[in-house]
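Notes for the structure review
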Amino acid sequence: MRYDDLYDLIEVLCEREIKEYSEINSCSLNLEKSELEDIFYQKFEIDIDQLYKLIEALIPLCTIVKSNITEKWYRGFGIDNMWLIKQEIK
């Protein structure tokens, strides 16, 4: 993952917050990269370089699987049915 790809990902992650802010404050919000980084830091207390490292570590663990027992679909982070975290897809 390149740094530019990470910026695009952050934009997607923050899109809901930006939309909500814009609706509440009745304004159009066009953010520069540094402003987006500040919002992300305020919300999650992690800077862009730490986020990049975290995403690089988690991307290989992203998976979607169907439970053989319950027949439900799950998404999460794990390897070989050993999950760090999973969530049912509804």
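What comes next is a walk through the structure. All values derive from a computational prediction rather than experimental measurement. Per-chain numbering applies: the sequence of each chain, read as written, is numbered from 1 onward. pLDDT decides what is reported in this predicted model: residues at 70 or higher carry local features, side-chain atom pairs at 80 or more are listed and counted, and totals for whole chains, interfaces and linings draw on all residues regardless. Only hydrogens and water are removed before side-chain values are computed, so all heavy atoms of the structure are retained for them.

Concerning the sheet that holds strand β1 (residues 62-66)
The strand order across the open sheet built from three strands is β1-β2-β3, with neighbouring strands paired in antiparallel fashion. In this open sheet, the two strands that pair with only one neighbour each are β1 and β3 (82-88). On average, each strand axis in the sheet is inclined to that of its neighbour by 35°, with strand direction left out of account. Here β1 runs beside strand β2 (residues 73-79); their pairing, made up of five bridges, is antiparallel. When DSSP locates at least two bridges between a pair of strands, those strands are taken to pair. Strands are runs of DSSP state E lasting at least 2 residues, helices are runs of H or I lasting at least 4, and numbering of each runs from the N terminus. Angles run from 0 to 180 degrees between N-to-C directions of axes, and those axes are lines fitted to C-alpha atoms, restricted for helices to the stretch in contact.

Let's talk about the pattern of salt bridges
Between side chains of opposite charge, pairing is possible as soon as their charged atoms come close. Should a side-chain nitrogen of Lys or Arg be within 4 Å of a carboxyl oxygen of Asp or Glu, the pair is scored as a salt bridge. Tallying each qualifying case throughout the model produces two salt bridges. A salt bridge links lysine 66 to glutamate 71; its shortest N-O distance comes to 3.1 Å. Here the term buried applies to any residue with accessible area under 20% of the maximum for its type, exposed to any over 50%, and partly exposed to those in between, with areas from a 1.4 Å probe on protein chains only. Given a relative accessible area of 48%, glutamate 71 falls into the partly exposed group.

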